[in-house]
Amino acid sequence: MELRSTRELRRNARLESTPAKKAGTPAKTQAKPAPDQPADKLSLSRQAVAYVEGQSRRMWAQDQEREPRPRGPLDAIMEAMESKKKELDSMEKKLDVLRKCQKIAASIMKGNRVPPEDLQYLMNNDPEGYKLAMAMRRPNPDPEDEKSVLDDEDKNGVRAEGTEGGGEGPSVEAAGGGEISAAAES
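Please read all numbers here as calculations on a predicted model, not as lab measurements. (Residues numbered from 1 in each chain as written. Predicted model: local features only at pLDDT ≥ 70, side-chain atom pairs only at ≥ 80, totals over all residues. Heavy atoms only, no water.)

### Some thoughts on the overall build of the chain
Okay, step 1: Helix and strand content of the chain: eight helices and two strands.
Okay, step 2: The order of α-helices and β-strands along the chain, N terminus first, is β-α-α-β-α-α-α-α-α-α.
Okay, step 3: Put simply, the chain has 186 residues, and 17% of those count as buried.
Okay, step 4: In the chain, the proportion of contacts linking residues at least 24 apart, taken out of those at least 6 apart, comes to 80%. (Helix = DSSP H or I, 4+ residues; strand = E, 2+ residues; numbered from the N terminus. Buried < 20%, exposed > 50% of the residue type's maximum accessible area, 1.4 Å probe, protein only. Contact = heavy atoms within 4.5 Å.)

### Observations regarding a positive patch on the surface
Okay, step 1: A cluster of basic side chains, namely Arg7, Arg10, Arg11, Arg14 and Arg46, defines a positive patch on the protein surface.
Okay, step 2: The biggest single contributor to the positive patch is helix H1 (residues 6-23), with four residues.
Okay, step 3: Along the chain, the position of arginine 11 falls in helix H1. (Patch = residues over 30% accessible without salt bridge, like charges linked within 9 Å, V, L, I, M, F, W, Y side chains within 5 Å. Areas by Shrake-Rupley, 256 points an atom, 1.4 Å probe, with all protein chains shown as cover. Salt bridge = Lys/Arg side-chain N within 4 Å of Asp/Glu carboxyl O. Lys, Arg positive; Asp, Glu negative; His and termini not counted. Charge placed at Lys NZ, Arg CZ, Asp CG, Glu CD.)

### A look at a nonpolar patch on the surface
Okay, step 1: Judged by side-chain polarity, Leu74, Ile77, Met78 and Met81 come together as a nonpolar surface patch covering roughly 430 Å² of accessible area.
Okay, step 2: As for its placement among the helices and strands, methionine 78 is situated in helix H4 (residues 73-110).
Okay, step 3: We classify methionine 78 as partly exposed; its relative accessible area is 44%.

### A word on the environment of arginine 46
Okay, step 1: Checked against the element boundaries, arginine 46 lands in helix H3 (residues 46-66).
Okay, step 2: Distance from arginine 46 to glutamate 8, taken between C-alpha atoms, is 9.7 Å for residues 38 residues apart in sequence.

### With respect to the nonpolar core
Okay, step 1: Core analysis: the largest hydrophobic core is formed by twelve residues, namely Cys101, Ile104, Ala105, Ile108, Val114, Leu119, Tyr121, Leu122, Tyr130, Ala133, Met134 and Leu150.
Okay, step 2: Breaking this core down by element, the ones donating at least two residues are H4, helix H5 (116-125) and helix H6 (127-135).
Okay, step 3: Looking at this core element by element, the count peaks at four residues for H4. (Core = buried A, V, L, I, M, F, W, Y, C linked by side-chain atoms within 4.5 Å.)

### Considerations on the packing of H4 against H6
Geometry of a packed helix pair, given as the angle between the helix axes and the separation of the axes.
Okay, step 1: At a minimum axis distance of 8 Å, the contact between H4 and H6 shows a crossing angle of 20°. Compared by their axis directions, H4 and H6 come out roughly parallel. For the element pair H4 and H6, the recorded crossing hand is right-handed. Judged by residue contacts, Ala105, Ile108 and Met109 of H4 engage Gly129, Ala133 and Met134 from H6. (Axes fitted to C-alpha atoms, helices over the stretch in contact; angles between N-to-C directions. Parallel < 35°, antiparallel > 145°, perpendicular 65-115°, else oblique. Left-handed = near helix turned anticlockwise from the far one by under 90°.)

### Let's talk about the packing of H4 against H5
Okay, step 1: Close contact between H4 and H5 brings their axes to 10 Å; oriented N to C, the two are set at 120°. The angle between H4 and H5 places the two elements in the oblique class. With respect to the hand of their crossing, H4 and H5 are arranged in left-handed fashion. Every residue of H5 that contacts H4 at Val97, Lys100, Cys101, Ile104, Ala105 and Ile108 is listed here: Asp118, Leu119, Tyr121, Leu122 and Asn125.
Okay, step 2: Looking at side-chain class alone, the contact of H4 with H5 contains eight nonpolar, one polar and two charged residues. (Nonpolar A, V, L, I, M, F, W, Y, C, P; charged D, E, K, R; others polar.)

On their own, these measurements won't tell you what the molecule is for.
Quick look at the structure:
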């Protein structure tokens, strides 16, 4: 099947008719269809051709959106790098939390006074470390006031969690005193 626009058909018809008149060929030879041309013909206007081409482009674009583009080895490597980067970031955050918890626990074990926010942070993020630090706490006759190891965002997060519980966390002296005396009695 052959698709041609109406304008192209008119132009071709004029070109075919012009040489035939000049050459003086008989009318019988012009009436025969050329053996190379197909028998089915469809003529379309310019608007129809533009519409069909537009529809074709739109369908092609929709097919491209539906089917994922073929992934090459570079895409797979980049995706793996992104996932590893996210994993590394989360591990870095966890390590930062553990470092802060260790510093707080070390201060408690020395017998020093720790800010209530730090104590609450330790209880929330490392309950086993809190229990161990309180169990290993040495009595200190002259305890020092430790500075907070928490950042502003850590303090804000702890305060938001602490207010839900109905107040501040227990102080180091009150919580530690009961456990030490209980351990001494037994």
